[in-house]
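# Descriptive analysis of the structure
Here's the letter readout for the chains.
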Amino acid sequence: MKKLLILGSGAGGVMVATQLRKKLDPREWKITIIDRTWQHHYQPGWLFVPFGIYDIKDCIKPQTDFIPSGVDFVQDEITNVDPVKKVVTCKGGSHSYDWIVVATGCRIMPDEIDGMLDGWGQDVHNFYTPDGSIALAKKLKHFKKGKLVLNIAEMPIKCPVAPLEFVFLADWFFMTQDSRCNIEIELVTPLTGAFTKPVAAEILGRMCEEKNIKIVPNFEIAQVNADKKTIESHKGEELDYDLLISIPPNFGSQVIIDSDIGDPMGYMDTDHHTLKSKKYENMYIIGDATNVPTSKAGSVAHFESEIVVGNILREIDGLEPLPEFDGHSNCFIVSGYEKAVLIDFNYKIEPLPGKFPFPGIGPLSLLEESFLNYCGKMMFKWVYFNLMLKGKELPLEPQMFMAGKKRMGACAL
């Protein structure tokens, strides 16, 4: 019997397992997912915990709720990946494979910034981990006056629009607490503006200005001075804070670094269009573990899963993989007051104004605040848990046209 291993049971790993189990004969193929935890997290939900919109329990379900019948789940910690011998070693034993899908994700590394850990959990917080979100919720509850600074250390980061969502929600949250007039909100970023693409950056930047959110661009953080409550750039610029919301450097999984199969940050060298490993045979990479130049987001993992599954099946049948992944991503940006902005883009087409999923009709608006966009975002947790991970049809999977190019759209993260 042939063996297919999937490393990681996040969104990408589960979607690949679900689709491949339907396509590969269980009498010929054994599919195994390996992950160290029994919990599956809806990671976009972590952003809402500090504002009391979700409880952390709303974002957690057992992995077994989504592992399809006929797929083995091994709860173990991976210690080494040997793509030459095609063996994955775990604390509890080793697993050989014929094909492998790396879906090991990424993580924050606050220790990469000098001094950051000195204030960690005190006046320096994050929302990129469950524990961080819970601690930040307690901090925001009693923060009534001062300067809140959200700092992006460097790119890439998980969900590039999350910093904007946070400052928008902070504006709304403090307004509801009658303390907004006493609180300054600053978005301090290494980017040249509010976002990575110029049209979206201009529109989203105007939204920040209207909400009295200051953007400090081109700030490359070098250290945190927790005793003085300042952050310092490599150029010597210094900014003060009362509460620092940090998005530290994002690295890939430690096992990728330890196994010496990725770059120094733990990301895998991935073909941008086939999603196949550039270095190792019979290996595909999906989600946050890749180094492809698009968002590290659940919508991307969804679009990538279809390409990964299709190309594995082609190669099993002796065909060449197809370069069909175009970097497609779409994201809802919750902006407060029951409104959200929707963006949709790929490698070549930047986020542009318009209507989605049907051009000129919608009903959702691109790069524009609307209540319908907000409804789309807030319903997506249900869609994610009940449809996407279980390989069912999404409620919106129409063909759309953007900038003259035919593309597939989906209501996604």
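Residues numbered from 1 in each chain as written. Predicted model: local features only at pLDDT ≥ 70, side-chain atom pairs only at ≥ 80, totals over all residues. Heavy atoms only, no water.

Across soluble globular proteins, nonpolar side chains show a tendency to be buried alongside one another. Core analysis: the largest hydrophobic core is formed by 65 residues, its most contacted members being Phe-127, Leu-140, Leu-148, Leu-150, Phe-166, Phe-174 and Leu-204. By residue number, the principal contributor to this core is helix α3 (residues 162-176), which donates nine residues. The contacts of Leu-148, once residues within four sequence positions are left out, are Leu-140, Phe-143, Phe-166, Phe-174, Glu-184, Ile-185, Glu-186, Leu-243 and Ile-245. By size, the runner-up hydrophobic cluster in this structure holds 27 residues, among which are Ile-6, Ala-17, Leu-20 and Leu-313. (Core = buried A, V, L, I, M, F, W, Y, C linked by side-chain atoms within 4.5 Å. Buried < 20%, exposed > 50% of the residue type's maximum accessible area, 1.4 Å probe, protein only. Helix = DSSP H or I, 4+ residues; strand = E, 2+ residues; numbered from the N terminus. Contact = heavy atoms within 4.5 Å.)

This brings us to unusual backbone geometry. With an omega of 5°, the peptide bond running from Met-155 to Pro-156 counts as cis. You will see that Asp-178, though not glycine, has its phi angle at about 60°, which is positive. Residue placement: Asp-178 occurs in the loop between α3 and β13 (183-188). Given a relative accessible area of 69%, Asp-178 falls into the exposed group.

Quick look at the pairing of β13 now. For β13, the buried fraction is high: five of the six residues fall into the buried class. Summarising the sheet, strand β12 (residues 146-152) and β13 pair through six bridges and their orientation is parallel. Residue pairing for β13: Leu-148 is matched across the bridge by Ile-185. For the segment spanning β12, α3 and β13, crossover handedness is right-handed. One ladder, built from four bridges, connects β13 with strand β14 (residues 213-216); its direction is parallel. Paired with Val-188 across the bridge in β14 is Val-216. Once you follow β13 into helix α4 (residues 198-210) and on to β14, the crossover reads as right-handed. (Pairing = 2+ DSSP bridges. Right-handed = clockwise from strand over helix to strand, strands pointing away.)

A word on the domain arrangement of the chain. Splitting the chain by domain gives domain 1 (2-105 + 253-317), domain 2 (109-249) and domain 3 (335-390). If you average the C-alpha positions of domain 2 and of domain 3, the two centres end up 24 Å apart. Contact with domain 2, which involves 16 residues of that partner, is made by 13 residues of domain 3. Summed over both sides, the interface of domain 2 with domain 3 buries roughly 1200 Å², with 70% coming from carbon and sulfur. Three residues stand out in domain 2 for area buried against domain 3, namely Trp-172, Lys-197 and Val-199, and they jointly supply 31% of the buried area on that side. On the surface where domain 2 and domain 3 come into contact, there are two salt bridges. Where domain 2 meets domain 3, there are two residue pairs in polar contact (both at pLDDT 80 or more). (Domains from an automatic or database assignment. Buried area = accessible area lost by both parts, 1.4 Å probe. Salt bridge = Lys/Arg side-chain N within 4 Å of Asp/Glu carboxyl O. Polar contact = N/O pair within 3.5 Å; in protein donor to acceptor, adjacent residues only side chain to side chain.)

Right, let's talk about the pairing of strand β16 (residues 230-233) for a bit. Pairing of strand β15 (residues 221-225) with β16, which is carried by four bridges, proceeds in the antiparallel orientation. Of the residues in β16, the one forming a bridge with Gln-223 is Glu-232. Connecting the antiparallel pair β15 and β16 is a turn made up of four residues, with Lys-229 showing a positive phi of about 55°. Pairing of β16 with strand β17 (residues 238-240) involves three bridges; the strand directions are antiparallel. Opposite Ile-231, over in β17, you have Leu-239 as the bridge partner. Remark: four residues form the turn of the hairpin made by β16 and β17, two consecutive strands paired antiparallel; Gly-236 in that turn has positive phi of roughly 90°.

It is worth spelling out the sheet that holds strand β7 (residues 87-90) at this point. Read across the sheet, three strands follow the order β6-β7-β8 without closing on themselves; strand pairing throughout is antiparallel. Both edges of this open sheet fall to β6 (78-82) and β8 (93-96), since each of them pairs with a single strand only. Pairwise comparison of adjacent strand axes, ignoring direction, gives a mean angle of 15° for this sheet. As defined by bridge partners, β7 adjoins β8 across four bridges and the pair is classed as antiparallel. Pairing of Thr-89 across the sheet is with Ser-94, part of β8. (Axes fitted to C-alpha atoms, helices over the stretch in contact; angles between N-to-C directions.)

This paragraph deals with the pattern of salt bridges. In the structure shown here, the tally under the stated rule is 15 salt bridges. The residue Lys-278 makes a salt bridge to Asp-269 at a minimum N-O spacing of 3.9 Å. A residue is classified by how much of its surface remains accessible, and Asp-269, at 26% relative accessible area, is partly exposed. Via salt bridges that share partners, Asp-123, Lys-139 and Lys-229 belong to a single interconnected network.

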